[in-house]
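# Structural characterization, general
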Amino acid sequence: MFVGAARAELDKILARYPHKQAALLPALWMLQDARGWVSEAGMEEVAAALEITPAYVKGVVTFYTMYHQHPVGTYFIQVCTTTPCNVCGAEDVVKAFLEHTGCEDLGLTSPDGKYTVIEVECLGACGFATPVQINNDYVESVTPESVPRILSELK
Ligand code: FES
């Protein structure tokens, strides 16, 4: 992973920090951008590049929902179901996404490979329940009724 242009990019990131370990999050992000997810082998590559243990890398990867530990759909849909959004109907929004994407369950990818839906903790948009993050974009005030339109607008 970290050869050629990717190594140069990692070196630029490393220059910002006093210790290689501090570049773990952006290094993982680079890996995920390149491959779509973070495999065990990928974790080992990151560990080698930063001179830390694979176990430490895994501890970080398994803590954050933003790192995919298996391949995901083209559109990674994260629905906030923390209490403020939950009382505003987030569970029904989750059901609507599962129904309209064809995903059998949370965390599973649709048969066409386009969608993966998960529940997440607070997305920091509590005043706009229910917020949904689709890849790097936010959609606010999502209702079950608006889900088909949101999905049809994805490119
Ligand atoms: S509780 Fe849902 S965005 Fe904060």
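Residues numbered from 1 in each chain as written. Predicted model: local features only at pLDDT ≥ 70, side-chain atom pairs only at ≥ 80, totals over all residues. Heavy atoms only, no water.

Let us look at the overall build of the chain. When helices and strands are tallied, the chain shows seven helices and four strands. For the chain, the N- to C-terminal ordering of α and β elements is α-α-α-α-β-α-α-β-β-β-α. In terms of its C-alpha atoms, the chain occupies a principal-axis envelope of roughly 50 × 35 × 25 Å. Out of the 155 residues belonging to the chain, those deemed buried represent 40%. Partitioning the contacts of the chain with sequence separation of at least 6, the portion at a separation of at least 24 is 57%. Carbon and sulfur atoms form 54% of the exposed surface of the chain, whose accessible area is close to 8500 Å². (Helix = DSSP H or I, 4+ residues; strand = E, 2+ residues; numbered from the N terminus. Buried < 20%, exposed > 50% of the residue type's maximum accessible area, 1.4 Å probe, protein only. Contact = heavy atoms within 4.5 Å. Areas by Shrake-Rupley, 256 points an atom, 1.4 Å probe, with all protein chains shown as cover.)

Glancing now at the UniProt feature "binding site: [2Fe-2S] cluster" (unreviewed entry) in the chain. The residues that UniProt annotates with the feature "binding site: [2Fe-2S] cluster" (unreviewed entry) are Cys 80, Cys 85, Cys 122 and Cys 126. Spatial clustering of the annotated residues is evident: they stretch over 47 residues in sequence, but the largest pairwise C-alpha distance comes to 9.0 Å. Secondary-structure assignment places Cys 80 in strand E1 (residues 75-80). Look at Cys 80 and you get buried, because its relative accessible area is 2%. (UniProt positions renumbered as here; feature names shortened; annotations may be inferred.)

A word on the domain arrangement of the chain. Taken domain by domain, the chain comprises domain 1 (4-61) and domain 2 (75-152). Distance from the C-alpha centre of domain 1 to the C-alpha centre of domain 2: 29 Å. (Domains from an automatic or database assignment.)

Most of E1 is tucked away, with six of its six residues classed as buried. Where burial is concerned, the two faces of E1 agree: the one with Tyr 75, Ile 77 and Val 79 and the one with Phe 76, Gln 78 and Cys 80 are both buried. Strand direction decides the pairing type here: E1 and strand E2 (residues 115-120), joined by six bridges, are parallel. If you follow Cys 80 over to E2, its bridge partner there is Val 120. (Pairing = 2+ DSSP bridges.)

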